[in-house]
Amino acid sequence: MTVAVTPSEQYMAFWVGKEKGEFQKENIDLQIQDTNPTQLLQSVLTGAADVTLATPAGLFNAIDGGGDLRIVSGAFGPDEGTGYYLSPALAKSKPDFGPCDMKGLNVTVAPGATIGAHAALPMSNYLAKCNLGFDDVKLGTTFGPDSLVALQSGALDVAMVYGSLGPQAAALGAKKIVPFTKDMQTPWVFGQKLRSNPEAAAAVLRALVRTHRTYLQGNYHDKPEVMKVLSQYLKLPEETIAKFPPVPFDPDLAFDPKSMVVDLQNLWLEKGGILSYKEPLTVDKVTDLSYLKRVLEQ
């Protein structure tokens, strides 16, 4: 079995599971294939890989186009630093800032002035509290580390900030106004070949569940055996890795279709220009959680 990965801690369940023998216990010969981020889904579609992580918009469009792919579980959720942050100036001048104050502000959701990332959902829900939508704000293009500079200068009023950038934003005086909830899970996607063998599909998820529960709960950066594997695959010193917040890995690989399939599609179809189709895909067209259910019942 082959998993398509990028050099990111988000894939570490496969790295740790392989090195700790969890996949070998299931008689799985796991191959880890470094892949260009833009080719992850394509590698599973063509059969070059069996498993990868997926961003929802690309996955939905691929399935609508005939791709035989399914979400089979969650992979990881947002860390505590991830969320939408209010600029230091606005946080200071308006301590009671709320959704109704969002109208007309400069906001970044994702690179490229788009809402085509699942990060759009929590902001959409926040705006809806005051009957606002994305048409009521100005979408900016500044993202990642540059968004901290933009927040501090006032060029951005609200920015989606992730990972270790969250504590940095807070240190500048920015205020988190929209946290990401636990149901914002990035999913594992299986291709047709693996799903056609239910025993093998369940075995992969069983190995992942054991890996999550045994090695990846809490601050796994404090576990030398885990950090050794991370350093090996990321090709970074352990002290460098420890500076970043650990990724939250759910012990049950939980995935919420309501938020991540139904609500996201409705948001993007209403906005237009993100999905390649007009009517939402049904949950069973996008997900197959039966393998995970079987594993958890065991």
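Residues numbered from 1 in each chain as written. Predicted model: local features only at pLDDT ≥ 70, side-chain atom pairs only at ≥ 80, totals over all residues. Heavy atoms only, no water.

### Examining the layout of surface pockets
Argument step 1. Quantified by volume, the largest pocket comes out at close to 1,400 Å³.
Argument step 2. Every residue lining the largest pocket is counted, 45 residues in all, and those nearest its centre are Ser-8, Gln-10, Phe-76, Tyr-162 and Thr-186.
Argument step 3. Every element with two or more residues in the lining of the largest pocket is listed here: helix H2 (40-45) and helix H3 (56-64).
Argument step 4. Approximately 270 Å³ is the volume attributed to the second largest pocket. (1 Å grid on protein atoms, 1.4 Å probe; cavity = no way out; pocket = protein on both sides within 12 Å on 5 of 7 lines; lining within 4 Å. Points joined across faces, edges and corners; volume = space filled by probe spheres on them. Helix = DSSP H or I, 4+ residues; strand = E, 2+ residues; numbered from the N terminus.)

### Some points on the packing of helix H5 (residues 120-128) against helix H12 (residues 257-271)
Argument step 1. Contact geometry of H5 with H12 gives a least axis separation of 10 Å together with a crossing angle of 65 degrees. Relative to H12, H5 is oriented roughly perpendicular. Considering the relative orientation of H5 and H12, their crossing is left-handed. Within the contact between the two elements, H5 uses Ala-120, Leu-121 and Ser-124 and H12 uses Ser-259, Asp-263, Leu-264, Leu-267 and Trp-268.
Argument step 2. For the contact of H5 with H12, the per-class residue count stands at five nonpolar, two polar and one charged. (Axes fitted to C-alpha atoms, helices over the stretch in contact; angles between N-to-C directions. Parallel < 35°, antiparallel > 145°, perpendicular 65-115°, else oblique. Left-handed = near helix turned anticlockwise from the far one by under 90°. Contact = heavy atoms within 4.5 Å. Nonpolar A, V, L, I, M, F, W, Y, C, P; charged D, E, K, R; others polar.)

### Quick look at the packing of aromatic side chains
Argument step 1. Counted by the stated rule, this structure contains eight aromatic pairs.
Argument step 2. For the ring pair Trp-15 and Tyr-233, a centre distance of 5.1 Å and an interplane angle of 5 degrees mean the geometry is stacked. One end of the pair, Trp-15, is in helix H1 (residues 12-19); the other, Tyr-233, is in helix H10 (residues 224-234), and 218 residues separate them in sequence. Like Tyr-233, Trp-15 is buried.
Argument step 3. Pairwise contacts between aromatic rings join Tyr-11, Phe-14, Phe-23 and Trp-188 into one cluster. (Phe/Tyr/Trp six-rings, centres within 6.5 Å; stacked < 30°, edge-to-face > 60°. Buried < 20%, exposed > 50% of the residue type's maximum accessible area, 1.4 Å probe, protein only.)

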